[in-house]
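Each chain, written out:
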Amino acid sequence: MSKNYVKTSTGTWEVVIGLEVHTQIKTNSKLFSGAATTFAGEPNSQVSFVDAAMPGMLPVPNKACIEQTVKTGLALNALINLVSVFDRKNYFYPDLPQGYQISQLYHPIVGPGYLEIDIDDTVKKIGIERIHIEQDAGKSVHDVMPSSSLIDLNRSGIGLMEIVTQPDIRSGEEAMEFIRKLRLLLWYLGTSDANMEEGSLRADVNISMHRPGTPFGTRAEIKNVNSIRFIGQAIEYEINRQIGLLEEGEQVVQETRLFDAAKGVTRSMRGKEDAQDYRYFPDPDLLPVILDEGFVQGLKDSLPELPDQKKKRFMESYGLSKYDASVIISDIRTPTYFESAVKNAGEKEGTAKLIANWVTTELFRVLKEESLEIDQSKIPAASLAELVNLIQDGTISGRTAKEVFLDMWTTGKPAKIIVEEKGLLQISNTSELEQLAENVIQENPDVVQKYKAGKDKLLGFFVGKMMQLTGGKANPKIVNEILVKKLSE
Amino acid sequence: MTDLTRLDYASIRKGLTSKAFTTKEVVQSYINKMDSTRPLNCYITECTDKALKDAAASDDRIQNNEARPLEGLPLAIKDNYCTKGILTTNGSKILSNFIPPYESTITHRLKGAGAIALGKTNLDEFAMGSSTITSYYDPTINPWKKEGSDRDLTPGGSSGGSSASVAARSSLIALGSDTGGSIRQPASFCGVVGLKPTYGLCSRFGIIAFASSLDQAGPITRTVRDSAIVLKQMAGHDPHDFTSVKYPVPDYEAALTGNIKGLKVGIPKEYRMEGLDFEVSEWWEKTSQWLSEAGAEIIDVSLPHTRYALPVYYIVAPAEASSNLARYDGVRYGYRAEGAESIEEIYEMTRTQGFGDEVKRRILLGTYVLSAGKYEDYYLRAQRVRQKVTDDFTEVFKSVDVLLTPTTPTTAFELGENTADPLAMYMQDLFTVATNLAGIPGISVPVTTSREGLPIGMQLIGPRFGEEVILRTADVIERVAGFKLKEEF
Amino acid sequence: MAINRSDIKRIEKLAKLKLSEEKIDDFSVRISRVFDWVDQLKEVDVEGVAPMASPLMDLQKHTTGLREDTVTDGDRVHDVIQNAPSSQHNSFVVPKVVE
Ligand SMILES: [Mg+2]
Ligand SMILES: [Zn+2]
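Cut-off values and rules
Residues numbered from 1 in each chain as written. Chains lettered and ligands numbered in written order. Predicted model: local features only at pLDDT ≥ 70, side-chain atom pairs only at ≥ 80, totals over all residues. Heavy atoms only, no water. Helix = DSSP H or I, 4+ residues; strand = E, 2+ residues; numbered from the N terminus. Buried < 20%, exposed > 50% of the residue type's maximum accessible area, 1.4 Å probe, protein only. Lys, Arg positive; Asp, Glu negative; His and termini not counted. Charge placed at Lys NZ, Arg CZ, Asp CG, Glu CD. Donors = N, O, S within 2.8 Å, 3.2 Å for Na, K, Ca; no water. Polar contact = N/O pair within 3.5 Å; in protein donor to acceptor, adjacent residues only side chain to side chain. Contact = heavy atoms within 4.5 Å. Expected span 1.5 Å × (residues − 1). Axes fitted to C-alpha atoms, helices over the stretch in contact; angles between N-to-C directions. Parallel < 35°, antiparallel > 145°, perpendicular 65-115°, else oblique. Left-handed = near helix turned anticlockwise from the far one by under 90°. Buried area = accessible area lost by both parts, 1.4 Å probe. Salt bridge = Lys/Arg side-chain N within 4 Å of Asp/Glu carboxyl O. Nonpolar A, V, L, I, M, F, W, Y, C, P; charged D, E, K, R; others polar. Phe/Tyr/Trp six-rings, centres within 6.5 Å; stacked < 30°, edge-to-face > 60°. Lys NZ or Arg CZ within 6 Å of the ring centre and 35° of its normal. Pairing = 2+ DSSP bridges. Domains from an automatic or database assignment.

Participant: Can you walk me through the overall build of chain B in this structure?
Facilitator: Broken down by element type, chain B carries 15 helices and eleven strands. Out of the 489 residues belonging to chain B, those deemed buried represent 68%. Seen as two clouds, the 53 positive and the 61 negative side-chain charges of chain B have centres 4 Å apart.

Participant: It is not clear to me how the coordination of the zinc ion (ligand 2) should be interpreted in this structure. Could you clarify?
Facilitator: Under ideal tetrahedral coordination, the four donors around a metal are separated by 109.5 degrees; under ideal octahedral coordination, the six donors are separated by 90 or 180 degrees. Residue and element names in this part refer to chain A. At the metal site, the zinc ion (ligand 2) is ligated by His 22 (NE2), Glu 134 (OE) and Glu 162 (OE), and these contacts range over 2.0 to 2.1 Å. All donors of the zinc ion (ligand 2) come from a single chain, and their spacing in sequence reads H-x111-E-x27-E. For the pair the zinc ion (ligand 2) and the magnesium ion (ligand 1), the metal-to-metal distance amounts to 4.1 Å. Here His 22 is found in strand E2 (residues 11-24), whereas its partner Glu 162 is found in strand E10 (residues 159-165), with 140 residues between them in sequence. Classification of His 22 as buried rests on a relative accessible area of 10%.

Participant: What is the right way to look at the side chain of A:Gln101 in this model?
Facilitator: Residues and elements named next belong to chain A. Here Gln 101 is to be found in strand E5 (residues 100-103). Exposure remark for Gln 101: the relative accessible area of 8% places this residue in the buried category. Looking at Gln 101, its side chain comes within polar contact range of the main-chain oxygen of Gln 135, at 2.8 Å. Aside from chain neighbours lying at most four places away, what touches Gln 101 is Asp 87, Arg 88, Lys 89, Tyr 91, Leu 96, Glu 134 and Gln 135.

Participant: Where do I start with helix H2 (residues 23-36) of chain B in this structure?
Facilitator: Since the α-helix advances by 3.6 residues per turn, residues separated by three or four positions end up pointing in the same direction. Taking 1.5 Å per residue, 14 residues should reach 20 Å; H2(B) reaches 20 Å between its end C-alpha atoms and fits that length. Buried-residue contacts for H2(B) involve helix H1 (9-17), strand E1 (43-46), helix H3 (48-63), strand E2 (74-78) and strand E3 (116-121) of chain B.

Participant: What am I meant to see in the packing of helix H2 (residues 172-189) of chain A against helix H3 (residues 228-247) of chain A here?
Facilitator: Any two packed helices are characterised by the angle at which their axes cross and by the distance between the axes. Residue and element names in this part refer to chain A. Orientation of H2 relative to H3, taken along the N-to-C sense of each, is 160°, at an axis distance of 8 Å. On the basis of their axis angle, the class for H2 and H3 is roughly antiparallel. Like other packed secondary-structure pairs, H2 and H3 cross with a definite hand, here right-handed. Contacts between H2 and H3 involve Gly 172, Ala 175, Met 176, Ile 179, Arg 180 and Arg 183 on the former and, on the latter, Ile 228, Arg 229, Ile 231, Gly 232 and Ile 235.

Participant: Hey, could you run me through unusual backbone geometry in this one?
Facilitator: Outside of glycine, negative phi angles account for most residues, and trans bonds account for most peptide bonds. In this structure, the amide linkage connecting B:Gly157 to the following residue, B:Ser158, adopts the cis form with an omega of 5°. Its location among the elements puts B:Ser158 in the loop between E3 and helix H5 (160-167). Even without being a glycine, A:Ser371 presents a positive backbone phi close to 50°. Inspection of the secondary structure assignment puts A:Ser371 in the loop between helix H8 (351-369) and helix H9 (381-392). Judged by relative accessible area, A:Ser371 falls into the exposed class, the value being 63%. In this structure, B:Asn65 takes a positive phi of about 55° despite not being glycine. For B:Asn65, the position within the fold is in the loop between H3 and E2. For B:Asn65, a relative accessible area of 66% corresponds to the exposed category.

Participant: Honestly, the interface of chain B and chain C in this entry has me stumped. Any pointers?
Facilitator: How big an interface is tends to be stated in terms of accessible area lost as the parts join. Listed by partner, the interface residues are 76 residues for chain B and 55 residues for chain C. The largest share of the area that chain B buries against chain C comes from B:Phe242, B:Leu364 and B:Tyr368, three residues that together contribute 12% of it. At the boundary of chain B with chain C, the tally comes to five salt bridges. Here C:Lys23 and B:Asp357 are joined by a salt bridge, their closest N and O atoms 2.6 Å apart. The tally of links from chain B across to chain C stands at 20 residue pairs in polar contact (both at pLDDT 80 or more). Looking at the side of chain B that touches chain C, the elements that each hand over two or more residues are helix H9 (306-324), helix H10 (343-354), helix H11 (357-370), helix H12 (375-396), helix H13 (422-426) and helix H14 (433-438) of chain B. Per-element accounting of the side of chain B that touches chain C gives the leading share, eleven residues, to H12(B). Here the side of chain B that touches chain C is built from residues that sort into 37 nonpolar, 19 polar and 20 charged.

Participant: Please explain the packing of aromatic side chains as it appears in this structure.
Facilitator: This structure, assessed with the given rule, holds 31 aromatic pairs over all chains. With a centroid separation of 5.6 Å and an interplanar angle of 50°, the aromatic rings of A:Phe230 and A:Phe259 are classed as tilted. Linking A:Phe230 in helix H3 with A:Phe259 in strand E13 (residues 256-260), this pair joins segments that are 29 residues apart in sequence. For the residue pair A:Phe230 and A:Phe259, the accessibility class agrees, reading buried in each case. Each ring, one from B:Trp144 and one from B:Phe489, has its centre 5.1 Å from the other, and the planes form 85°; the classification is edge-to-face. Pair noted here: B:Trp144 is in the loop between E3 and H5 and B:Phe489 is in the segment after helix H15 (467-481), with a separation of 345 residues, a long-range link. Feature note: the residues B:Phe98, B:Phe126, B:Tyr328, B:Tyr333 and B:Phe355 constitute an aromatic cluster, connected by ring pairs. Over the aromatic face of A:Tyr114 sits the side chain of A:Lys125, whose NZ or CZ is 4.2 Å from the ring centroid.

Participant: Honestly, the packing of H11(B) against helix H1 (residues 5-15) of chain C in this entry has me stumped. Any pointers?
Facilitator: Contact geometry of H11(B) with H1(C) gives a least axis separation of 9 Å together with a crossing angle of 100°. By the angle between their axes, H11(B) is roughly perpendicular relative to H1(C). Contacts between H11(B) and H1(C) involve B:Ile363, B:Leu364, B:Thr367 and B:Tyr368 from the former and C:Asp7, C:Arg10, C:Ile11, C:Glu12, C:Leu14 and C:Ala15 from the latter. Taken together, the residues that form the contact of H11(B) with H1(C) break down as six nonpolar, one polar and three charged.

Participant: Teacher, can you tell me more about H5(B) here?
Facilitator: Residues and elements named next belong to chain B. In terms of residue burial, H5 counts as a mostly covered element, since eight of its eight residues are buried. Looking only at H5, the buried set comprises Gly 160, Gly 161, Ser 162, Ser 163, Ala 164, Ser 165, Val 166 and Ala 167. Here the buried face of H5 lies against E1, E2, E3, strand E4 (173-178), helix H6 (184-190) and strand E6 (216-221). Remark: Arg 169 follows H5 within two positions and exhibits a positive phi of approximately 65°.

Participant: Honestly, the pairing of strand E6 (residues 113-119) of chain A in this entry has me stumped. Any pointers?
Facilitator: In the case of a regular strand, side chains alternate between the two sheet surfaces. Alternating positions in E6(A) separate cleanly, A:Gly113, A:Leu115, A:Ile117 and A:Ile119 being buried on one face and A:Tyr114, A:Glu116 and A:Asp118 remaining unburied on the opposite face. The turn linking E6(A) back onto strand E7 (residues 122-135) of chain A is made up of two residues, and A:Asp120 within it adopts a positive phi angle of 50°.

Participant: Just to check I follow, could you spell out the domain arrangement of chain A for this structure?
Facilitator: Residues and elements named next belong to chain A. As assigned here, chain A comprises domain 1 (5-299), domain 2 (307-422) and domain 3 (430-487). Every contact between the two is made by eight residues of domain 1 and, on the other side, ten residues of domain 2. Summing both sides of the interface, domain 1 and domain 2 together bury roughly 750 Å²; the carbon and sulfur share of this comes to 59%. Scanning the region where domain 1 abuts domain 2 turns up three salt bridges. Asp 118 is the salt-bridge partner of Lys 311, the closest N and O atoms lying 2.9 Å from each other. Inspection of the region where domain 1 meets domain 2 yields three residue pairs in polar contact (both at pLDDT 80 or more). Those elements that place two or more of their residues in the side of domain 1 that touches domain 2 are E6 and H2.

Take a look at the structure:
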């Protein structure tokens, strides 16, 4: 039985989820005008007459919006439609200047594809139904004036991709993982900043409940959920709400709901009023977008290495564990840092693994403490490589290295300088250490006695003594070897 | 001195270059004519002060031998072309206070070529009509009257202000727009030349949209040569209009060779339909004889889907209009209803008060044919029949060079006639509308006056980008017909 | 095809405009006549004919084409809002919109 099933006193329920993800296409200018797409400009400063739907203004599509969407489609293993058509979706809203949104209903630019997500150590394919291009609306500001709303059209006409999944998602966790994975893919592609705080990625969640093995139930659509955590919360709330209704013998109403993040609940957005009738029809100002195979192939050839490919390569060529590889590829900058450090450190057995370890533990910890991104790291990749080299060639011990690392972070000095200045060089001189071991053994005859009587664990006592005497600088490996040898004499 | 308003532009241009008179004198005589013909209500806005200033600048240019192709041309502009800093109403209350901060491509080009704007001409509200009576600014009156009658006649529409001003000599050339016949029908009613170019030849940027896939800009002139001269400056690709075609603009004036020997002229039998005035039919026959005598071959042809053109038009045009006119919502520009307390009231009251009955009817009709359940049966079916209508033309132009038809079934009717029955008014577009559906060019040229003393026009239809051949043929008709505007105009 | 009052009320709502009460009946008669007339399109055999949305469907390659992604517009707040019936804070003002 699937762990996603929800069990109640009346039996088992399964949730069926489909997502419609709206994400801002990364471009300099808008979908149909030459106005900028920068975030948070002065009100109406990034607005052309086209964006304000002034009489007689006409849309001219931005080539980059087409390219970015095709690239995204290719990365989602999707069919690229060589002919796509912009339609008008007609409705009135104060921040929708044209009285219609230009979108693609009947012939979207990207057709079926899929995205693989890792869930409980297995790979699950989530089907992509389509991706279409559409315009964003403007923004209504309600909190500046007491009885009026202010309309700012800076966002009006910004290009969005709407990525629509098949109803393949079966839990809130899967939905959240899908968004995480998609966002990562978009970052790698550079086709969207997918920044939820700035509202450049938001999702509509379609959700229904049914008994396993029976047809899907009636779904509700939760609009515009704008954080991964909220998606999880909204789904959890909705599962309980719908089960509650169904178990009371009531119906789930097909409707649009909003997620109230403060209360953690969803509530109905449109009342009983008649369903919207958007009167879609092909935009007569825009001819069909016709792409040729060469154009698509060119974009395919230009795709960067994507997260799953990178993960596989890191595991295969650097011997990283699946976990380490996953952690390193889970944002766009870390792989660059990691690979730069590996390159600087040179090819040695275990170097890459050691670097991965340092990056995911020590480096991530200090970055997090200071809220820095890895490309703002106070220890450049080359310096980390040098530190790792010092550990590997036995110049310093791992324990010393942690101290050196922190010094590097605060002072910005290279590892070698810190090691020299602080006299942290590891003692690997065998005769020196042999002499020291001799002294320790002679000073503790009773412990030697017990060790020889079979208490092997007492080796640690001698190691500790030697470390104490050398201020921790003794090479622990050599110390071990010498002591074992001498104590068995 | 001769009345300068009696010269065509070809003669004005000669006179200006030879310094027989000045632009200022030309413009002043037009201003005088604007004053004396004001009861015809050709203009909504007059820009005479600016025109005189421009005239002075034009004279400077001529002095410096820097005359441009349309230097000193007294131009009237239909009030659906946006003109920077000049009120642009589109004949509607809803834009009764709208001053565009931008200029349409066509007016920009013509002004740049030396044309001088006299003012903005009256039209049916939003160019929807065939009589110029639906204008918020009262009807325009045709300078022609039936012999022995002083009853006011319509100049036709929607470019009625433009055609009446050219006939009444209160402008030399006027800009019109043609969605279903709105240049050719009023030109025919007023005894002047009206040309609707190939869809995509002239930019639509800055012309207030009625039905985007049908609208085309075109000139209304007193002679075919003037149409050829001004078209050359209007035509040509505009990067701001996605439906503007990259087509090398020929020298249309050079096409007026007077030679049509061997030209194949098609007479479509389907245009001999019920409702065609007997006298118009006679002159259609006579015109074809002229062409035959001039060496053309007259061929009977068939356009089997002609009768469906008008019903297709009355689905397609309102559908596009219902969406194009959604932007007039009282939020960003134009009229806003007083006393509206909510956004819904702003929409409904503004649009209810701001649009006239005919516009409302067409918006509702268009909304209906796009609405759920109707889209397939009406809109999509109409688009399919539109293709069949277009295919008829494609087929027929394999065997003929031009088609000759009447422009309108009747001569000008009285103001207030044909208003009770919408179909009667729609029949005005019977012969013109198919070319808009197919996107091909048509020109109306006056051939005579009827026994009642009203102008009769004939239409020449050409294949796509066939402007040269229809202008050449129209020029031949014009020479044979020797049609004259009334002396007293 | 007859179009009745309730059809008209429904499309009025979508189009955000109202005919005056007296005109509704008049309009319903007019529009019904138009539709009776338009219904002749059902005679036409359109089997296999693609809908024609624009006269340029086959000329796409000869039109403007796609725009290069450069910022060429904006920074004209005054021009954008100068025609507004009501504006403040460089924004268009409407009565409070409640979601
Ligand atoms: Mg959606
Ligand atoms: Zn969407």
